[in-house]
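Examination of the molecular architecture
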Amino acid sequence: MQLFYSSGSPFVRKVMVALLMRGLEERVDLLSTNPHESPAALLQQNPLSKVPCLVTVEGLPLFDSRVICEYLDGLGTASPLFPDSGSERTGALLLQALGDGVMDAAVARRMQQPYPQDEGRRHLGGRNAAAIGRALDWLDRNPPERLRDIGAVSVACALGYLDFRFADEDWREGRPALTAWFAEAEAHPAMVATRPA
Ligand SMILES: N[C@@H](CCC(=O)N[C@@H](CS)C(=O)NCC(=O)O)C(=O)O
């Protein structure tokens, strides 16, 4: 398999953590890619020009991180990251949506930072920052249990991205339960191996 990859992307990190947790990392060749330059090789596989994009051994392109991670669950024999059914599955998917939503808002903030902060950009930046704050408050009231399913993986990658790109904004302040959960989650070998530098 081939993975269109960018080292700073939290969505790519999510896929890398899934690969490691499921013991599949040896099966993937990483193709370093800048999606913002819309390279032809990526566009051939993903018209959205986004990473991560996985190309299976059969040549099937898969995106986005949700589709890729669920596909990976069908390979190998390690415990799946997506629970089969019922409230466990719904809970994991909900947490994934929240983690992915934090990443979307944080990546959007980061993308806008180099540009002049006119009224429109300040407004959008403020909305994204507020959404992130509310999501983290929700997570502090309902922290994941362990790094054991796709929801927890997504939340951990989202928090890791905030530490990486917004280190001067202390998201831990006033959120002790989420802080304690993340301290344990980021010590997981798959999180340590994928920590952005
Ligand atoms: N929903 C997507 C989001 C992927 C995404 O936003 N990737 C960013 C990098 S962090 C990207 O490729 N951006 C390129 C662009 O927007 O042109 C997923 O879960 O994979």
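Residues numbered from 1 in each chain as written. Predicted model: local features only at pLDDT ≥ 70, side-chain atom pairs only at ≥ 80, totals over all residues. Heavy atoms only, no water.

In the annotation of an unreviewed UniProt entry, the protein is listed under the name Glutathione S-transferase N-terminal domain-containing protein and assigned to Roseomonas haemaphysalidis.

1. A closer look at the site of the ligand
Taken together, S9, P10, F11, P35, H36, S49, K50, V51, P52, D64, S65 and R66 make up the full set of residues near the ligand. Take V51: an N or O atom from its main chain is 2.8 Å from a nitrogen atom of the ligand. The protein chains hide 83% of the 520 Å² of surface that the ligand would expose on its own. Residue assignment for the shell around the ligand shows that the elements contributing at least two residues are α1 (10-21) and α3 (65-72). For the shell around the ligand, the class distribution of residues is 5 nonpolar, 4 polar and 3 charged. (Near = heavy atom within 4 Å. Polar contact = N/O pair within 3.5 Å; in protein donor to acceptor, adjacent residues only side chain to side chain. Areas by Shrake-Rupley, 256 points an atom, 1.4 Å probe, with all protein chains shown as cover. Helix = DSSP H or I, 4+ residues; strand = E, 2+ residues; numbered from the N terminus. Nonpolar A, V, L, I, M, F, W, Y, C, P; charged D, E, K, R; others polar.)

2. Brief notes about the UniProt feature "domain: GST N-terminal" (unreviewed entry) in the protein
Here, UniProt's "domain: GST N-terminal" (unreviewed entry) annotation points to residues 1-80. Between the C-alpha atoms that bound residues 1-80 there is a distance of 19 Å. The span itself is 32% helix and 16% strand. (UniProt positions renumbered as here; feature names shortened; annotations may be inferred.)

3. Focus on the packing of helix α4 (residues 86-112) against helix α5 (residues 119-141)
At a closest axis distance of 9 Å, the pairing of α4 and α5 adopts a crossing angle of 150°. The pairing of α4 with α5 is recorded here as roughly antiparallel in orientation. Considering the relative orientation of α4 and α5, their crossing is left-handed. Judged by residue contacts, L94, L95, L98, V102, A105, A106, A108, R109 and Q112 of α4 engage R121, G125, N128, A129, I132, A135, W138 and L139 from α5. Per-class residue counts for the contact of α4 with α5 are 12 nonpolar, 3 polar and 2 charged. (Axes fitted to C-alpha atoms, helices over the stretch in contact; angles between N-to-C directions. Parallel < 35°, antiparallel > 145°, perpendicular 65-115°, else oblique. Left-handed = near helix turned anticlockwise from the far one by under 90°. Contact = heavy atoms within 4.5 Å.)

4. Quick look at α5
Spanning 23 residues, α5 covers 33 Å between terminal C-alpha atoms, matching the ideal 33 Å at 1.5 Å per step. The complete set of buried residues in α5 reads I132, G133, A135, L136, L139 and D140. Elements in contact with the buried residues of α5: α4, α6 (150-165) and α7 (176-185). (Expected span 1.5 Å × (residues − 1). Buried < 20%, exposed > 50% of the residue type's maximum accessible area, 1.4 Å probe, protein only.)

5. Observations regarding the sheet that holds strand β1 (residues 2-5)
Spatial ordering of the open sheet is given by β2-β1-β3-β4, a layout of 4 strands whose pairing is mixed. Looking along the sheet, the strands with just one partner apiece sit at the ends: β2 (29-32) and β4 (61-62). The sheet contact formed by β1 and β2 spans 4 bridges and is parallel. From the neighbouring strand, Q2 faces β2, where its bridge partner is D29. Where α1 meets the sheet, its contacts fall on β1 and β2, and the angle it forms with β1 comes to roughly 145°. Contacting β3 (53-55) and β4, α3 runs over the sheet at an angle of about 40° to β3. (Pairing = 2+ DSSP bridges.)

6. Focus on the nonpolar core
Within the largest apolar cluster, 53 residues are counted, with the highest numbers of intra-cluster contacts made by L72, L159, L162 and W181. At 10 residues, α6 tops the list of elements feeding residues into this core. Both domains that furnish three or more residues to this core are identified here as domain 1 (2-72) and domain 2 (86-189). Setting aside chain neighbours within four positions, we find L159 in contact with L136, W171, L178, W181 and F182. (Core = buried A, V, L, I, M, F, W, Y, C linked by side-chain atoms within 4.5 Å. Domains from an automatic or database assignment.)

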